[in-house]
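Structural description and commentary
Each chain is listed here by its residues.
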4 protein chains.
Amino acid sequence: MQIGLIGLGKMGGNMRERIRRAGHTVVGYDRNPELSDVGSLSELAERLDAPRVVWVMVPAGAATQSTVDELAGLLSPGDTVVDGGNSRWTDDEKHAEQLAAKGIGFVDAGVSGGVWGLENGYALMVGGDKEHVDRLGPIFEALKPDGPYGYVHAGKVGAGHFAKMVHNGIEYAMMQAYAEGWELLEKVDSVENVREIFRSWQQGTVIRSWLLDLAVDALDEDQHLGKLRGYAEDSGEGRWTVEAAIDNAVPLPAITAALFARFASRQDDSPQMKLIAALRNQFGGHAVESNK
Amino acid sequence: MQIGLIGLGKMGGNMRERIRRAGHTVVGYDRNPELSDVGSLSELAERLDAPRVVWVMVPAGAATQSTVDELAGLLSPGDTVVDGGNSRWTDDEKHAEQLAAKGIGFVDAGVSGGVWGLENGYALMVGGDKEHVDRLGPIFEALKPDGPYGYVHAGKVGAGHFAKMVHNGIEYAMMQAYAEGWELLEKVDSVENVREIFRSWQQGTVIRSWLLDLAVDALDEDQHLGKLRGYAEDSGEGRWTVEAAIDNAVPLPAITAALFARFASRQDDSPQMKLIAALRNQFGGHAVESNK
Amino acid sequence: MQIGLIGLGKMGGNMRERIRRAGHTVVGYDRNPELSDVGSLSELAERLDAPRVVWVMVPAGAATQSTVDELAGLLSPGDTVVDGGNSRWTDDEKHAEQLAAKGIGFVDAGVSGGVWGLENGYALMVGGDKEHVDRLGPIFEALKPDGPYGYVHAGKVGAGHFAKMVHNGIEYAMMQAYAEGWELLEKVDSVENVREIFRSWQQGTVIRSWLLDLAVDALDEDQHLGKLRGYAEDSGEGRWTVEAAIDNAVPLPAITAALFARFASRQDDSPQMKLIAALRNQFGGHAVESNK
Amino acid sequence: MQIGLIGLGKMGGNMRERIRRAGHTVVGYDRNPELSDVGSLSELAERLDAPRVVWVMVPAGAATQSTVDELAGLLSPGDTVVDGGNSRWTDDEKHAEQLAAKGIGFVDAGVSGGVWGLENGYALMVGGDKEHVDRLGPIFEALKPDGPYGYVHAGKVGAGHFAKMVHNGIEYAMMQAYAEGWELLEKVDSVENVREIFRSWQQGTVIRSWLLDLAVDALDEDQHLGKLRGYAEDSGEGRWTVEAAIDNAVPLPAITAALFARFASRQDDSPQMKLIAALRNQFGGHAVESNK
């Protein structure tokens, strides 16, 4: 089948390639003319036969919103837009309503796979009406990994991004789990081979996983990670997961701990611990460390 | 080679079988005569040629201590004892010293594998002097999974149980990660297929793991887990992991959150939340729920 | 001076009384005619001399919004509206802009004090332009406690509600602190007089506080709190505090722990712990408790 | 009455003074001859009339143990030893048994008060048999604050130190509560007067406390705490509180969060966050910060 694909960066570019390898026609658009198949979104719309399917793969927030706005003007009733970016699930319903007013369908797709996706396939979590989701069937089939897994129609509009968001929240806590264990093992003198302990866990244990495999790869490159700073960004989905939990009165202590650990890792000096130090000084005359 | 094996329960019995399948001779002892190859520990000691190797696979604490005590009297200089149970790593050094006073070597082995171990092999994390560990080589080879992983000489005496303990701590937090994600997905109306979302994650995602596979198996048996109570025991290693972290001033927020969630799950009514309710009542006249 | 006061419930009614005791004129409006001094908001507006000051003391969200909407139509340039309810601080800027378009000033006031406020005064945290805040001076003076404390101009529009929100977040964690300590003391056999321990702390200790005094009052009424369920609602500000922290990448582990403990207290059976139980069952054949 | 007092440092020296002011006789011993009233513990024992009362006020652990050992040899049946240091409560039972074998009574006393104790009195939490505790009555009366509070017989041997330990655990979480709130307020632009917000809270609010008063004092000295590093030691009792909670399966999320925040504050670079960074790099090609 034919599909328009907007956003041909690291993710979008590889996805175009994987869809084409499956025998489909992709008309790609990117602001960077060297990557783009067409000169504009209107040219992209013209190049596709109706009913059109257009996959948006641009940064969440303003870039996605302006793309949806433009597509609302260019597309026709019966066309379908897929948002495959990292949009917050609460945006999906707005986009679906905006497009539905023009008779255009909307599907949200959470996409996992990173740099391995081109070869291994992309895990897809999809939300939307069955009618619209079904139109994308061949594309989802092309993108997903071979085998029985890696694709789900998760529910109504927004459910795809919600499922992907929760996936990332779980990922935060899993990474934190390995990281806590690693630090504790590295700290204790009688333990001499932390990297080899991690390697041994790759088989026969309860905690074997792809993330564990990656940890071993990382330790093989730099056994004690001395080249790295203990500093981690967060990408939005972790925050949204905790916010969704708060909205729904669901306790998420481990995922939240992982998020807060990242926040703290980005502080050169912790403001809150200054107040702790100040209080200790006030009531106990405890020694505190001063900035010079 | 020849080995004595004390404790032929679910774990020990299968381990005897796996070692025998590899062509070694196992003299097993269990308090239950129906499981036991010999009538007593002294008979076990007599049946083995010197230098003997004896693997202890009994409950941690008093049972392991009394077995070590008895072996200290029965064995001879040059023999080696392996503690493959779930002993706290701080016990290992005591046992090693007690046995070293008699010229007997000591090795601690953390063993993972559960009911799958017989067929898939047991992941082994081993601590002790190289001299003693090397004597066990063929047995470790027999027990471990096929392939390059599943075995590590983690360090000095205690390092094997320490590594296994941290493994279990990581396991707590990983399980908590999936559990938090599952609850949040189940809570939100637009998400309709939580079980299928979990299934889809088994390929192409960052969070694929053996625990995820098990979660899908469990959801296949009981889609919304309506047959289970939200109640979880803890087995000691989680507690010890947090205590080891405190001793070493290592922050373990996610693992500790997982441990505390288990504690809370076993309370019918939370005492601490009674005080919260009482305080709210005092200062705000907030409505509180009363026990009848 | 003269002030209009909208919302004469438990808080608003007492505030009217305290302002009148200070010699000011209060024209109060409430939907309940038995409480109200006037029949309508337009009558309230008529009864006040320009430039008018109107204090809104109604539930946050829809009720506050509709009151602001109505006042925007009834008031005149130079008048000032104060929102003294529990509005989310992000609403304040919207209300300020909406009223500024009509030349009407806006001040937000976080109010603490509960049932003790009438006699002891209300702690006030105020946000807004100095020009508008200053007009309210005599009213703030009437409401605040005697003495040097209990009033602050916290910053720009929204800062008053933000400060009150953080106050409540801190309150959550302080209550949780005492509650955790109380549960631990009650659990240990050698400790025999938990209530008296709490009472003793009221003097000479680092943790003496008004909340501690309230805890002692509660324990005097019901020594082991056997009449209460361990169940606690949350009122919004705790959630907003954590959300504000997430927006600002500030780690709030203790306040968040307190919030999550309340969430968990309201669950009869924890969904997430069902998945923990299911996983333990899958990999270990651990006994789990079943619902009948 | 007459009392021996061992350890005349900052705490012990002031306590000697406060007991003397109440009209009692104190024979003080310190390793530092300039502080000491006697040249040795045996001289101290000789100077006291039987039955003797000796208060030990030396560092917990080895110093306390060796003092108890020496007193066990010097004192006589019917004498009483009080451990007023910061001993772990699990040591108390050992000391009580050791001394009981010689017919010597034992009382443990948790003491709070710091540098204010001389003037304001020391809050005392006491454990031990009523018979031994009662002998100390006049001394407890001299040390405690005036007024109805500040003293409790908390329970059996160990209960005094246990209650003091929990007091410190609560203190950790309360300090953390204020610290989190302070950081959040300092972070947000619309809030302009964080110090004045804290000051305003000292009256009429739910969170007024002595710790809040101290926080205001600290902010008056250094408004944004720019002279301090965000670095906090921990003194043992916080760790022991969490360990006691783990032993008793009591969830302590807020107190533990406060403890872990202190651990993290003392790390220049977080090892666990290095692994997070490494994993992000492996699966996503995320930019990471490298050490030079």
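Everything that follows concerns the structure shown earlier in this document.
Residues numbered from 1 in each chain as written. Chains lettered and ligands numbered in written order. Predicted model: local features only at pLDDT ≥ 70, side-chain atom pairs only at ≥ 80, totals over all residues. Heavy atoms only, no water.

1. What to know about the overall build of chain A
Note the cut-off: Only DSSP runs of H or I reaching four residues or more are called helices, and only runs of E reaching two or more are called strands; each is numbered from the N terminus. The contact definition used throughout considers only heavy atoms, calling two residues in contact when any of these lie within 4.5 Å. Per-residue and other accessible areas follow the Shrake-Rupley method at a 1.4 Å probe size, with only the shown protein chains counted as cover for residues. Counting rule applied: Lys, Arg positive; Asp, Glu negative; His and chain ends not counted. Taken as the charge location is NZ of Lys, CZ of Arg, CG of Asp or CD of Glu.
In terms of regular secondary structure, chain A is built from 13 helices and 7 strands. Projected onto the principal axes, the alpha-carbon positions of chain A cover approximately 75 × 45 × 40 Å. Of all intrachain contacts in chain A linking residues separated by at least 6 positions in sequence, the fraction that spans at least 24 positions is 64%. Summing over all exposed atoms, chain A offers an accessible surface of approximately 10200 Å²; the carbon and sulfur share of this is 46%. Charged side chains of chain A number 28 positive and 42 negative; the gap between the two group centres comes to 2 Å.

2. A closer look at the interface of chain B and chain A
Stated formally: Here the quantity called buried area is the total loss of accessible area, with a 1.4 Å probe, experienced by two parts when brought into contact, counted for both. Think of a salt bridge as a Lys or Arg side-chain nitrogen and an Asp or Glu carboxyl oxygen that are within 4 Å of each other. Two N or O atoms form a polar contact when they lie within 3.5 Å of each other; inside protein one atom must be a possible hydrogen donor and the other a possible acceptor, and for residues adjacent in sequence the pair counts only when both atoms belong to side chains. When residue character is reported, Ala, Val, Leu, Ile, Met, Phe, Trp, Tyr, Cys and Pro are called nonpolar, Asp, Glu, Lys and Arg charged, and the others, Gly included, polar.
Contacts between the two partners involve 69 residues from chain B, matched on the other side by 69 residues from chain A. Taken together, both faces of the contact between chain B and chain A bury some 5900 Å²; the carbon and sulfur share is 69%. Inspection of the region where chain B meets chain A yields 2 salt bridges. A salt bridge links E192 of chain A to K156 of chain B; its shortest N-O distance comes to 4.0 Å. Along the contact surface separating chain B from chain A lie 24 residue pairs in polar contact (both at pLDDT 80 or more). Of all the secondary structure elements, the ones that give two or more residues to the side of chain B that touches chain A are β6 (123-127), β7 (151-155), α8 (159-187), α9 (194-200), α10 (210-221), α11 (237-247) and α12 (253-265) of chain B. Of the residues forming the side of chain B that touches chain A, the biggest block, 18 residues, is contributed by α8 of chain B. When its residues are assigned to classes, the side of chain B that touches chain A shows 39 nonpolar, 19 polar and 11 charged.

3. Structural notes on unusual backbone geometry
Using the following cut-off: Burial classification: accessible surface area is computed with a 1.4 Å probe over protein chains only, and a residue below 20% of its type maximum counts as buried, one above 50% as exposed, and the rest as partly exposed.
Following A50 of chain B, the chain continues to P51 of chain B via a peptide bond in cis, the omega torsion being -10°. In this structure, P51 of chain B sits in the loop between α2 (41-47) and β3 (53-56). Backbone geometry places L225 of chain A, a non-glycine residue, at a positive phi of 55°. Note on placement: L225 of chain A falls in the loop between α10 (210-221) and α11 (237-247). Residue L225 of chain A is classed as buried on the basis of its relative accessible area, which comes to 1%.

4. Considering the relation of the copies chain A and chain C
Put simply, the two copies of the chain differ by a rotation about an axis and a shift along that axis. Under the convention used in this document: To superpose the copies, least squares is applied to the C-alpha atoms of every residue with a pLDDT of at least 70 in both.
Rotating chain A by 180° and translating it 0.0 Å along the rotation axis places it on chain C, where the RMSD comes to 0.1 Å. On the angle and the small slide along the axis, the relation comes out as a two-fold axis. Proximity to the rotation axis, assessed at the C-alpha, singles out E243 of chain A in chain A; its C-alpha lies 3.3 Å from the axis. Here 100% of the interface residues in chain A have copies in chain C that are interface residues too; the copies meet face to matching face.

5. Regarding the interface of chain A and chain C
If you look at the interface, chain A gives 21 residues, while chain C gives 21 residues. Between chain A and chain C lies a buried interface of about 1800 Å² when both sides are counted; carbon and sulfur atoms form 69% of it. Area buried by chain A at its contact with chain C is led by I246, P251 and F260 of chain A, which between them contribute 37% of it. Our count for the chain A to chain C interface comes out at 0 salt bridges. Our enumeration of links across chain A and chain C arrives at 4 residue pairs in polar contact (both at pLDDT 80 or more). Elements represented by at least two residues in the side of chain A that touches chain C include exactly α11, α12 (253-265) and α13 (271-284) of chain A. Residues that form the side of chain A that touches chain C fall into these classes: 14 nonpolar, 3 polar and 4 charged.

6. Observations regarding the sheet that holds strand β6 (residues 123-127) of chain D
All names here are of chain D. Rules: Here the rule is simple: two strands pair whenever DSSP picks up at least two bridges between them. Think of each axis as a best-fit line through the C-alpha atoms, taken over the contacting stretch in the case of a helix, with angles from 0 to 180 degrees between the N-to-C directions.
If you trace the 7 strands from one edge of the open sheet to the other, you get β2-β1-β3-β4-β5-β6-β7, paired in mixed fashion. A strand with exactly one partner marks an edge of an open sheet, and here the two such strands are β2 (25-29) and β7 (151-155). Averaged over all neighbouring strand pairs, the angle between strand axes comes to 25°, with direction disregarded. Note that strand β3 (residues 53-56) and strand β4 (residues 80-83) share 4 bridges and pair parallel. Each bridged residue has a counterpart across the sheet, and for V53 the counterpart in β4 is T80.

7. Here we look at the packing of aromatic side chains
Under the convention used in this document: When two rings of Phe, Tyr or Trp (its six-membered ring) have centres within 6.5 Å they constitute a pair, described as stacked for plane angles under 30 degrees, edge-to-face for angles over 60, and tilted for the intermediate range. The rule for a charge over a ring is simple: NZ of Lys or CZ of Arg within 6 Å of the ring centre, and within 35 degrees of the ring normal.
Tallied over the full model, the rule gives 25 aromatic pairs over all chains. Centroid distance W116 of chain C to W210 of chain C: 5.2 Å. Interplanar angle 85°. Geometry classified as edge-to-face. With W116 of chain C in the loop between β5 (105-112) and α5 (117-120) and W210 of chain C in helix α10 (residues 210-221), this residue pair connects regions lying 94 residues apart in the sequence. Connected via pairs of aromatic rings, a cluster forms that spans W55, F140 and Y151 of chain A. Of note, R262 of chain A hangs over the ring of Y172 of chain A, and the distance from its end group to the ring centre comes to 3.8 Å.

8. Regarding the sheet that holds strand β5 (residues 105-112) of chain A
All names here are of chain A. The 7 strands are arranged β2-β1-β3-β4-β5-β6-β7 in an open sheet whose pairing can be described as mixed. Sheet topology places β2 (25-29) and β7 (151-155) at the edges, where each strand pairs with a single neighbour. Neighbour-to-neighbour, the strand axes of this sheet turn through a mean angle of 25°, independent of strand direction. With 5 bridges joining them, β5 and strand β6 (residues 123-127) adopt antiparallel strand pairing. Looking at β6, one finds that D108 is bridged to G127. Across the face of the sheet, helix α4 (residues 89-100) comes into contact with β4 (80-83) and β5 while running at roughly 150° to β5.

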